[in-house]
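Below are the chains, spelled out letter by letter.
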Amino acid sequence: MRIVVIGATGHIGTFLVPRLVRSGHEVVTVTRGTSTPYADSPEWQQVEQVTADREQEDRDGTFGQRIAALRADAVVDLVCFTMSSAEALVSALRGTGTHLVHCGSIWRAGVSHVLPITEENGTEPFGDYGVQKDAIARMLGRETADGGLATTSLHPGHISGPGWLPIGPLGNLDPTVWTKLSAGEPVEVPGLGAEAMAHVHADDVAQAFQLAVEHRDEAAGEDFFVTASTALTARGYAHLVASWFGQEARLESVSWDRFRETTDPEHAGASWEHLSRSQVFSTEKARRLLGYEPAYTAEATVLDAFRWLVEHDRVDLACPLAI
């Protein structure tokens, strides 16, 4: 197939584009041209590269037609965040026979009531990001159900992999927690520490997108949660990291008020966003309809990401990894 990947050099595209090329597809990448993939591979030499500023072209009303003119069998949209942008692309592709595969987010679901969360039992989203992603997914589902464009929405968890800092044990990107755990120093954990996070390896997300493209009939009109087969609680994650250094995690449960007083506001806010949802997802639907089989557990996912950080001196540690 001829496949267009919008936002091809990010977390997912870094792994998706080589996958598609290796499977024999003709790939066209659409990016701003300001970044490179997190990991290089020879397959990138075989893709057609298009440079475009989506935000500007959306304002000009030209982006959708640019994508339609590429005449793709499938368009994978990894960087759509607003309803207006999604609707413009759908309008331009309607009637072309193209399959639009959209990247959503697990945050289209709100706080957990029933675990695991499925595509049918998620609660109402909160926060602009989650609300927008949910609205877009619902619009795409209606579009296909009404006989319009064939669409599919995939909703990844906290994407992790080599090349960037993963969401850490406290639900944020504060690198000091890794330093403390490697040294066996006390770590204050907000709440009970039983709150869950839904990590997923970027290559497993790429696998799901490839499967959705290659199984159009099964995927059309559907949406899927895409996470690892396991999920980590805050305290379990902290104990896991400490064990990588031969340490025992020394955790102190504190109130959210206390945590906010002693934590940078940006990191405290991120912790609340991740931990207050306390989400664990089922991937049974993606397994059943697409054949999705994540290669990485949540534990292996964060370790793979962390090894890259250590190898590239991106994190301060008290002692070497013992794993």
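Here the structure is shown first, and the text comes after it.
Cut-offs applied
- All residue numbers refer to position in the chain's written sequence, counted from 1.
- Since the coordinates come from a predicted model, pLDDT governs what is reported: local features require at least 70, and pairs of side-chain atoms require 80 or more to be given and counted, while whole-chain, interface and lining totals use all residues.
- By convention in this description, side-chain values take in all heavy atoms of the structure and omit both hydrogens and water.
- Strand pairing is assigned whenever DSSP identifies at least 2 bridges connecting the two strands.
- To qualify as a helix, a DSSP run of H or I must reach at least 4 residues; to qualify as a strand, a run of E must reach at least 2; elements of each kind are numbered from the N terminus.
- The convention used is that axes are lines fitted to C-alpha atoms, helices contributing only their stretch in contact, and that angles between N-to-C directions extend from 0 to 180 degrees.
- Whether two residues touch is decided by their heavy atoms; if any such pair falls within 4.5 Å, the residues are in contact.
- By convention, a stacked pair of Phe, Tyr or Trp rings (six-membered ring in the case of Trp) has centres within 6.5 Å and planes under 30 degrees apart, an edge-to-face pair has planes over 60 apart, and any other such pair is tilted.
- Accessibility here uses a 1.4 Å probe with only protein chains present; expressed as a share of the type maximum, an area under 20% marks a residue as buried, one over 50% as exposed, and anything in between as partly exposed.
- Grid points spaced at 1 Å over the protein atoms alone were grouped into cavities, where a 1.4 Å probe fits but cannot get out, and pockets, open sets with protein on both sides within 12 Å along at least five of seven lines, with lining residues defined by an atom within 4 Å of a point.
- Grid points are joined across faces, edges and corners, and a volume is the space filled by probe spheres set on the points.
- Three categories are distinguished: nonpolar for Ala, Val, Leu, Ile, Met, Phe, Trp, Tyr, Cys and Pro, charged for Asp, Glu, Lys and Arg, and polar for the others, with Gly belonging to the last.

A. Region of interest: the sheet that holds strand S1 (residues 2–6). Taken in spatial order, the seven strands make up an open sheet running S3-S2-S1-S4-S5-S6-S11, and their pairing is parallel. Because the sheet does not close on itself, it has two edges, and the strands there are strand S3 (48–51) and strand S11 (223–226). The average angle at which neighbouring strand axes cross in this sheet is 20°, direction not considered. Strand direction decides the pairing type here: strand S5 (residues 99–103) and strand S6 (residues 150–156), joined by five bridges, are parallel. Bridging from a neighbouring strand, Cys103 pairs with Leu154 of S6. On top of the sheet, helix H4 (residues 83–93) reaches S1, strand S4 (74–77) and S5; it is set at about 170° to S5, its chief contact.

B. The arrangement of the packing of aromatic side chains in detail. Scanning the model with the defined rule gives 10 aromatic pairs in all. A ring pair is formed by Trp107 and Tyr129, whose centres lie 6.4 Å apart and whose planes are at 80°; its orientation type is edge-to-face. On the criterion of sequence distance, the pair formed by Trp107 in the loop between S5 and helix H5 (128–145) and Tyr129 in helix H5 is long-range, its members being 22 residues apart. Relative accessible area serves as the criterion here: at 14%, Trp107 is assigned to the buried category. An angle of 90° between the planes, with centres 6.0 Å apart, marks the rings of Phe245 and Phe306 as edge-to-face. In this pair, Phe245 sits in the loop between helix H9 (234–243) and strand S13 (250–254) while Phe306 sits in helix H13 (residues 298–311), placing the two residues 61 residues apart along the sequence.

C. Summary view of the environment of Pro18. Along the chain, the position of Pro18 falls in helix H1 (residues 13–22). Residues Pro18 and Thr227, 209 residues apart in the sequence, show an inter-C-alpha distance of 21 Å. With residues up to four places along the chain from it excluded, the contact list for Pro18 reads Gly13, Ser41, Glu43 and Trp44.

D. Molecular detail of empty space enclosed by the protein. Considering all chains together, one arrives at one cavity of 30 Å³ or more under this definition. Considered as a void within the structure, the largest cavity measures approximately 40 Å³ in volume. Along the walls of the largest cavity sit Ala137, Leu140, Gly141, Thr151, Thr152, Ser153, Gly221, Glu222 and Asp223, which together make up its complete lining. Going through the elements one at a time, H5 and S6 are the ones with two or more residues in the lining of the largest cavity. Split into classes, the residues belonging to the lining of the largest cavity amount to two nonpolar, five polar and two charged.

E. Structural context of the layout of surface pockets. Each pocket or cavity is described by its volume, and for the largest pocket that value is around 1200 Å³. Around the largest pocket, the lining is made up of 47 residues, and of these His11, Leu78, Val79, Phe81 and Tyr129 lie nearest the centre. Listing elements by their share of the lining of the largest pocket, those giving two or more residues are strand S2 (26–31), helix H2 (54–60), H5, strand S7 (158–160) and helix H11 (265–275). For the lining of the largest pocket, the element with the most residues is H2, which contributes four residues. Each residue belonging to the lining of the largest pocket can be placed in one class, and the counts come to 22 nonpolar, 17 polar and eight charged.

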